[in-house]
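Here is how the chains run, residue by residue.
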2 protein chains.
Amino acid sequence: MPSSQYSIDVSDVTVDDEFWSPWIDRNRDVTVEYQYEQLEASGTLENFRRAADGTEGGFQGMWFQDTDAYKWIEAASYELAKADDPDLRERVEEVIDLIAAAQKDSGYLDTYFQLVEPGNEWTNLNIMHELYCAGHLIEAAVAHHEATGDRSLLDVAVDFADHVDDVFGDEIDGVPGHEGIELALVRLYRVTDEERYLDLAEYFVDRRGHDDRLQWELEHSEEIGGSSWDDGALIPADGGGSLFLDEDGEYVGTYAQAHAPVREQEAVEGHAVRAMYLYAGVTDLVAERGDEALRAALDRLWANMTEKRLYVTGGIGPEYDHEGFTEDYDLPNETAYAETCAAIGSVFWNQRLFELTTDAKYADLIERTLYNGFLAGVGLDGERFFYVNPLASSGDHHRSGWFTCACCPPNAARLFASLGQYCYSTTGGELYVTQYVGSTLETTVDGTEVELDQSSALPWEGRVEIEVDAAGAVPVNLRIPAWSEDATVTVDGEEVSHGGKEVSHDGTGYVRIERDWSGEDIELRLEMESELVTAHPAVEADAGRVAVRRGPLVYCAEAVDNDRPLHQYSVPDDAAIETDGADARLDGATALEADATVPFLDGWEGSLYRPVEETAEEETRLRLVPYYAWDNREAGAMQVWHRRRP
Amino acid sequence: MPSSQYSIDVSDVTVDDEFWSPWIDRNRDVTVEYQYEQLEASGTLENFRRAADGTEGGFQGMWFQDTDAYKWIEAASYELAKADDPDLRERVEEVIDLIAAAQKDSGYLDTYFQLVEPGNEWTNLNIMHELYCAGHLIEAAVAHHEATGDRSLLDVAVDFADHVDDVFGDEIDGVPGHEGIELALVRLYRVTDEERYLDLAEYFVDRRGHDDRLQWELEHSEEIGGSSWDDGALIPADGGGSLFLDEDGEYVGTYAQAHAPVREQEAVEGHAVRAMYLYAGVTDLVAERGDEALRAALDRLWANMTEKRLYVTGGIGPEYDHEGFTEDYDLPNETAYAETCAAIGSVFWNQRLFELTTDAKYADLIERTLYNGFLAGVGLDGERFFYVNPLASSGDHHRSGWFTCACCPPNAARLFASLGQYCYSTTGGELYVTQYVGSTLETTVDGTEVELDQSSALPWEGRVEIEVDAAGAVPVNLRIPAWSEDATVTVDGEEVSHGGKEVSHDGTGYVRIERDWSGEDIELRLEMESELVTAHPAVEADAGRVAVRRGPLVYCAEAVDNDRPLHQYSVPDDAAIETDGADARLDGATALEADATVPFLDGWEGSLYRPVEETAEEETRLRLVPYYAWDNREAGAMQVWHRRRP
């Protein structure tokens, strides 16, 4: 059965990579296990048991607590897809049994409403997240079915989806405040071949920005479902304040991407995770239905995001209050929100765009996001997480064990567990190697069986070796990353390409090798130089500053590595930047040392201000570590953007 | 009768200055008049009427609302001291009558407690501000008595002071949460020659940091006076949160400078206005009693403030929450608090330090504070005020008409009205010209009558002319400001000094001319060059930045004058800075134009980050206006500290 999401299935790939495998192993051994324990500890499973009993009250956790179970099943299912684990499989089945038992005869399933507000179902689409929960249920069900062939949870999801299909469009004309169900319905369609799920996804996409139901709900926020939540704090009388309303108290819709129909949207707006889930679903829809207006909208939105609203780390959504987007070029560093889940959502969206277009720019952004904006969200111990990922800190921002609203750790878990899917693609009858992650792949390309064995020295060195075996002629496209100015490709030691993107077949960043394969060794050498980058002049936060990149990694300076306060360092334009060995305290990460200057401190005794002096700086070195690795040693200041000395 | 505050009385000086007179006139014609109207509009006078009637309830305004009346009387009295105004005098007398009628037989006077909480007097010294109100009453009374010879309000103040003297030390052992009474009691002592007021001032200074009464009150905040204020919001159960307590919930005292005995204090701490009023009172006490330990403490505190906790504008107190000081070198620009009242308090303190020592550094700081940190607080229309004075703004910070807690406008009023006192001093039998403000002075120096007529082109040009007439030999000391690298002094056209401070009598910044005076013309030429200044390397907010000063003025850039967003400008170390004429929109202020560069915008289309390029800047000019004059035209961004291009 083909993957419901991408051209590569989770089970097609086995990752065995010096860099990524420890993360994936910690994810399986620590995060997914902890996540399971939390299902009982947080009352998530008890909610299902109580709903199954038909009792009322006693609900525990957030109103969308059910998703914790769904996300765990999804992550666990990806693990099962890669390698069966009877213990894990049984635990998944037990949880599925609880879920199935809780489902109402109508197909409806949401333990918050079943236990706390029966009768108020579907009255508060803005906030109460029943459709968002349904989306996670469907994703979990599809993943479980794909991993095991078992239909137990898929049947639950189908029943719920059918119920949603019955209710929406006729009885209720509205869309969810938090997207997610759109992409899930496309996955469900791909597994079931039931066109109505695709129609339903299209309905939710098309009604967004048209329907005035979300506004109506805000006007009636004290009567509808969820009003009693947490003494009403969930839905304040002012409609959630700035989340939903503008300065004049008018509903604007941007928070939930409902300010305009999707096909008319010009810029990425509002809550960043919601935006990414929506655009991922829209991309799926375009892939299925070829809607040119929607596709043009996606192009505009992607251009807006990447040209005006993206951190150098791949992080998105600068603002705390909305957890999301603000204005073009508004990219503050110390107050950056850049939620881990938003980076994950960006990966989901970009992989779909890649599958739709095979344009390497999407894989480039996935790579940058994976290694930086996403990975920083997870501690090296696999036990502590950032919800928020600033690009500068005075030293008071640290990872937490688990969150009350535990969205990021489980979201990271499902991405780690399915990482292999992002490394390859078979779109259009060609094989694409999109991420250089040590792994084996078994798949078919246009009917031809292919086996591929990749080893990679990334992100520390630009050396990749790939052995390919195939039952016939298969074009293999090697992505030449945007960060590599030069690339050399040999097959069995014979150079087939030099100069990288210049010789690629369509200028989009590949070296393409078409031939019969019988175990040939491809070797790819990517030039990997440390470089200083500047931001667009409109970005105030980065004015007069440079960031250091090496290969796919963005680097940062931490107080623990540097004697002076970080703000005192300037980096000259022609700074020599050298690698500084593997840092054992950071699991062997390659550190860097850059030429820098700091002010002389002499002569300042007793004075706070004085006239400028020409030779007020002394030369020193600034030590840098990968951004993803920050806050794993002593607490202290951190910065990605260093003052530039032109 | 000698001045109760300084060696020069308000009535000794008549200001007639091209720069300052319009401010002083607007203050008299607009602010003081508006302030009077507000006394009725806000219920301040009604509170006194009700208290006089012996009724309860109906209190209006803040719990320290009485001070609005006292501050108005003080400012009005300074006006009366300079020139009688029968209408103003009568209005003052009417208000005094209301105040006198409200006073209790015991001498106690505080309309909040009389109307709202009779019986709870003196139970909440931390917050309820009875002693702070008493301080303003005394200052008003002394000012009124000095201006008019009338004792009506002085008698009220004496009765209240006697009551305080009866109660404190025996019945209650405690100090005010908000200082002010200390300096007021010294003023009262100087007018009445009653030593017990000096003793009482000394008691309040010496008990601070020793007594545990403030802590006790916080522990009993729900029982004591003020607990019922505004539904208890005045004194939250947590003791006002971070205002009084540290992170562990312990009372620390820094907010009210009660963390240590004054003579042991090492750094300026807490609420900045309170700190300035306290240190001003301590300086008065040292002047009267010569306490060396207190004087040493003042030296330490002044050094800490000026070397580590002072904005380049003379503003102090960077933090909103405490309205005050934080840590050494913590001087953020956009979030600067730098309350207008704190700048005024700094002038009060520094003038006392000057009178104590005749060290020119105090007059230098007064000059810088008057022209920048203070003056920015008042709009050019005299009707709108800043409570808070940031050194950078994204364009959303604007002056307001009047504040609920209207402390800054009335405080500015009493400083404008008494500005002449800060221009001269006769300490130690010498005449000091401390501020170059066009004015006439009539006073006696060591018994010798002196008349002086000053005209000044400051702050636009460094040209001052002074005609002196005296009944005998009087040493005249001309302050050579710290900003002037070169100064030339002639008497009747004959050069008597060249090179400024190098030839001053004691190296502290004067040119001293001792002779018989019979109308000789002194001419002072001060070199006034625009200069770039940098901040101590420990100041993170100013790292890699320069500010522009010219003479006593700090300049800033405003969006209205510059095409590009301000963050795009860099100023080279060797920037030529030229004057740009008198700006009619800013009452003729001299603007500046500095060499600057901005990034080329070419080649950025479609990209957000790119490798550094050497020649990415184009040359332009940055227009600058005096900091005090900002936010008087179209709203927009402002910055004092510009990126430096070394």
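Rules and cut-offs
Residues numbered from 1 in each chain as written. Chains lettered and ligands numbered in written order. Predicted model: local features only at pLDDT ≥ 70, side-chain atom pairs only at ≥ 80, totals over all residues. Heavy atoms only, no water. Phe/Tyr/Trp six-rings, centres within 6.5 Å; stacked < 30°, edge-to-face > 60°. Helix = DSSP H or I, 4+ residues; strand = E, 2+ residues; numbered from the N terminus. Buried < 20%, exposed > 50% of the residue type's maximum accessible area, 1.4 Å probe, protein only. Lys NZ or Arg CZ within 6 Å of the ring centre and 35° of its normal. Salt bridge = Lys/Arg side-chain N within 4 Å of Asp/Glu carboxyl O. Least-squares fit on C-alpha atoms with pLDDT ≥ 70 in both. Contact = heavy atoms within 4.5 Å. Buried area = accessible area lost by both parts, 1.4 Å probe. Polar contact = N/O pair within 3.5 Å; in protein donor to acceptor, adjacent residues only side chain to side chain. Nonpolar A, V, L, I, M, F, W, Y, C, P; charged D, E, K, R; others polar. Pairing = 2+ DSSP bridges. Disulfide = S-S within 2.5 Å. 1 Å grid on protein atoms, 1.4 Å probe; cavity = no way out; pocket = protein on both sides within 12 Å on 5 of 7 lines; lining within 4 Å. Points joined across faces, edges and corners; volume = space filled by probe spheres on them. Domains from an automatic or database assignment. pLDDT = per-residue confidence, 0-100. Core = buried A, V, L, I, M, F, W, Y, C linked by side-chain atoms within 4.5 Å. Axes fitted to C-alpha atoms, helices over the stretch in contact; angles between N-to-C directions. Left-handed = near helix turned anticlockwise from the far one by under 90°. Expected span 1.5 Å × (residues − 1).

Observations regarding the packing of aromatic side chains
Inspection of the entire model under this criterion finds 62 aromatic pairs over all chains. Between Phe19(B) and Tyr371(B) the ring centres are 5.5 Å apart and the planes differ by 45°, which places this aromatic pair in the tilted class. Residue Phe19(B) is located in the loop between strand 1 (13–15) and helix 1 (20–41), and its partner Tyr371(B) is located in helix 14 (residues 360–374); the two are separated by 352 residues in the primary sequence. Tyr371(B) gets classed as buried once you look at its relative accessible area, which sits at 3%. The structure contains a cluster of three or more aromatic residues connected by ring pairs, namely Phe19(A), Trp20(A), Trp23(A), Tyr371(A), Phe374(A), Phe416(A), Trp460(A) and Tyr628(A). Looking at Arg515(A), its charged tip hangs above the ring of Trp517(A), at a distance of 5.6 Å from the centre. Over the ring of Trp604(A) we find Arg610(A); its NZ or CZ atom is 4.0 Å from the centre of that ring.

Comments concerning the pattern of salt bridges
In the structure shown here, the tally under the stated rule is 116 salt bridges over all chains. For Asp291(A), the salt bridge goes to Arg263(A), with nearest N and O atoms at 2.8 Å. Linking Asp291(A) in the loop between helix 11 (272–289) and helix 12 (292–308) with Arg263(A) in the loop between helix 10 (213–219) and helix 11, this pair joins segments that are 28 residues apart in sequence. Linking Arg549(B) and Glu531(B) is a salt bridge whose minimum nitrogen-to-oxygen distance equals 3.3 Å. Remark: Glu531(B) occurs in strand 11 (residues 530–535) and Arg549(B) occurs in strand 12 (residues 545–550); sequence separation between them is 18 residues.

Details of the relation of the copies chain B and chain A
With an RMSD of 0.0 Å, the fit of chain B onto chain A corresponds to turning through 180° and sliding 0.0 Å along the axis. Look at the turn and shift together and you get a two-fold axis relating the two. Both copies share a contact surface, since 100% of the interface residues of chain B are interface residues in chain A too.

Structural notes on the interface of chain B and chain A
Accessible area lost on assembly of the parts is the figure often given for the size of an interface. Each partner contributes residues to the interface: chain B has 45 residues there, and chain A has 45 residues. Together, the buried faces of chain B and chain A total about 3,400 Å²; carbon and sulfur atoms form 62% of this surface. Along the contact surface separating chain B from chain A lie 0 salt bridges. For the pair chain B and chain A, the interface holds 16 residue pairs in polar contact (both at pLDDT 80 or more). Broken down by secondary-structure element, the contributors of at least two residues to the side of chain B that touches chain A are helix 12 (292–308), strand 11, strand 12, strand 17 (609–611) and strand 20 (642–645) of chain B. Residues belonging to the side of chain B that touches chain A are distributed by class as follows: 23 nonpolar, 8 polar and 14 charged. Examined bridge by bridge, strand 11 (residues 530–535) of chain A and strand 17 of chain B share 3 bridges and lie antiparallel to one another.

Description of the pairing of strand 13 (residues 553–558) of chain B
Looking along a regular strand, one sees the side chains alternate between the two faces of the sheet. Residue and element names in this part refer to chain B. Counting buried positions along strand 13 yields 6 of 6 residues, so the element is predominantly enclosed. Across the two faces of strand 13 the burial is the same, with Leu553, Tyr555 and Ala557 and Val554, Cys556 and Glu558 all buried. Relative to strand 13, strand 12 runs antiparallel, the two sharing 2 bridges. Within strand 13, the position partnered with arginine 549 by the bridge is valine 554. Remark: 2 residues form the turn of the hairpin made by strand 12 and strand 13, two consecutive strands paired antiparallel; glycine 551 in that turn has positive phi of roughly 60°. Bridge count between strand 13 and strand 18 (residues 617–626): 2 bridges; the pairing is antiparallel. Bridging from a neighbouring strand, tyrosine 555 pairs with proline 626 of strand 18.

Looking at the state of the cysteines
Residue and element names in this part refer to chain B. This structure, assessed with the given rule, holds 0 disulfides over all chains. Free cysteine cysteine 341: the closest other cysteine sulfur is in cysteine 408, separated by 3.4 Å. For cysteine 341, a relative accessible area of 2% gives the class buried.

Some thoughts on empty space enclosed by the protein
Residues and elements named next belong to chain A. Applying the stated rule across the entire model yields 13 cavities of 30 Å³ or more. Each pocket or cavity is described by its volume, and for the largest cavity that value is around 110 Å³. What lines the largest cavity is a set of 15 residues, among which Glu74, Glu139, Leu183, Phe348 and Arg414 lie closest to the centre. When contributions to the lining of the largest cavity are tallied by element, the ones reaching two or more residues are helix 3 (66–82), helix 6 (130–148), helix 8 (181–192) and helix 13 (340–357).

Considerations on the layout of surface pockets
Empty space within the second largest pocket amounts to approximately 770 Å³. As for the second largest pocket, its lining consists of 33 residues, of which Asp364(A), Arg368(A), Ala482(A), Arg549(A) and Tyr609(B) are closest to the centre. Put simply, the parts of the chain that give the lining of the second largest pocket at least two residues each are helix 12 and helix 14 (360–374) of chain A together with strand 17 of chain B. Take the lining of the second largest pocket: its biggest share by element is 6 residues, from helix 14 of chain A. Along the lines of polarity and charge, the residues of the lining of the second largest pocket split into 13 nonpolar, 6 polar and 14 charged.

As for the environment of Leu553(B)
By secondary structure assignment, the location of Leu553(B) is in strand 13. It is 8.3 Å that separates the C-alpha atoms of Leu553(B) and Tyr628(B), two residues lying 75 residues apart in sequence.

A word on the domain arrangement of chain A
One can read the domain layout of chain A as domain 1 (14–213), domain 2 (254–373), domain 3 (429–526) and domain 4 (530–645). Distance from the C-alpha centre of domain 1 of chain A to the C-alpha centre of domain 4 of chain A: 45 Å.

With respect to the confidence of the model for chain A
Note: predicted coordinates in regions of low pLDDT should not be interpreted at a detailed level. Residues and elements named next belong to chain A. Looking at chain A as a whole, its pLDDT mean stands at 92, while 95% of the residues score no less than 70. Low confidence marks residues 501–507, where pLDDT is under 50. Its contacts with residues over four positions away, or in another chain, come to 14 contacts. The ipTM, which scores confidence in the relative placement of chains, is 0.93 for this predicted complex, and the corresponding pTM is 0.92.

Focus on the environment of Trp483(A)
All names here are of chain A. Considering the arrangement of structural elements, one finds tryptophan 483 in the loop between strand 7 (463–479) and strand 8 (487–491). Residues tryptophan 483 and methionine 528 lie 45 residues apart in sequence; the distance between their C-alpha atoms is 7.5 Å. Not counting residues within four places of it along the chain, the set of residues in contact with tryptophan 483 comprises Glu367, Arg368, Leu458, Leu526, Glu527, Met528, Gly551 and Pro552. Here glutamate 367 takes part through its side chain, which lies 2.7 Å from a polar atom of the side chain of tryptophan 483.

Here we look at the nonpolar core
Core analysis: the biggest nonpolar cluster contains 215 residues, and Trp20(A) and Ile99(A) have the highest contact counts within it. Examining the composition of this core, we find that 11 residues originate from one element, helix 11 of chain A, more than from any other. Residue contacts for Trp20(A): discarding those within four places in its chain leaves Leu370(A), Tyr371(A), Leu375(A), Phe416(A), Leu419(A) and Val437(A). By size, the runner-up hydrophobic cluster in this structure holds 214 residues, among which are Leu131(B), Tyr277(B), Leu278(B) and Leu586(B).

Focus: the packing of helix 1 (residues 20–41) of chain A against helix 3 of chain A
Residues and elements named next belong to chain A. At their nearest, the axes of helix 1 and helix 3 sit 10 Å apart, and the two run at 145° to each other. Considering only the axes of helix 1 and helix 3, their crossing is left-handed. Contacts from Ile24, Asn27, Arg28, Val32, Gln35, Tyr36 and Leu39 in helix 1 reach Asp68, Ala69, Lys71, Trp72, Ala75, Glu79 and Lys82 in helix 3. Split by residue class, the contact of helix 1 with helix 3 holds 7 nonpolar, 2 polar and 5 charged.

With respect to unusual backbone geometry
Look at the link from Leu458(A) to Pro459(A): it is a cis peptide, with omega at 0°. Relative to the assigned elements, Pro459(A) resides in the loop between strand 6 (448–456) and strand 7. In the Ramachandran plot, His129(B) falls in the positive-phi region, its phi being about 65° despite a non-glycine side chain. Examined against the element boundaries, His129(B) turns out to sit in the loop between helix 5 (111–115) and helix 6 (130–148). Even without a glycine there, the phi angle at Asp492(B) is positive, about 50°. Positionally, Asp492(B) belongs in the loop between strand 8 (487–491) and strand 9 (494–498).

As for helix 9 (residues 195–207) of chain A
Residue and element names in this part refer to chain A. With 13 residues, helix 9 should cover 18 Å at 1.5 Å per step; its first-to-last C-alpha distance of 18 Å lies within 8% of that length. Of all the residues in helix 9, the buried ones are Tyr197, Leu198, Leu200, Ala201, Tyr203, Phe204 and Val205. Among the structural elements, helix 6, helix 7 (152–167), helix 8, helix 11 and helix 12 are those in contact with the buried residues of helix 9. Directly after helix 9, the chain includes glycine 209, whose backbone phi takes a positive value near 85°.

Some details on the packing of helix 6 of chain A against helix 8 of chain A
All names here are of chain A. Across the interface, helix 6 lies against helix 8 with an axial gap of 8 Å and an inter-helix angle of 30°. Crossing angle aside, the handedness with which helix 6 passes helix 8 is left-handed. Every residue of helix 8 that contacts helix 6 at Leu131, Ala134, Gly135, Ile138, Glu139, Val142, Ala143, His145 and Glu146 is listed here: Ile181, Leu183, Ala184, Leu185, Arg187, Leu188 and Val191. The residue inventory of the contact of helix 6 with helix 8, partitioned by class, reads 11 nonpolar, 2 polar and 3 charged.

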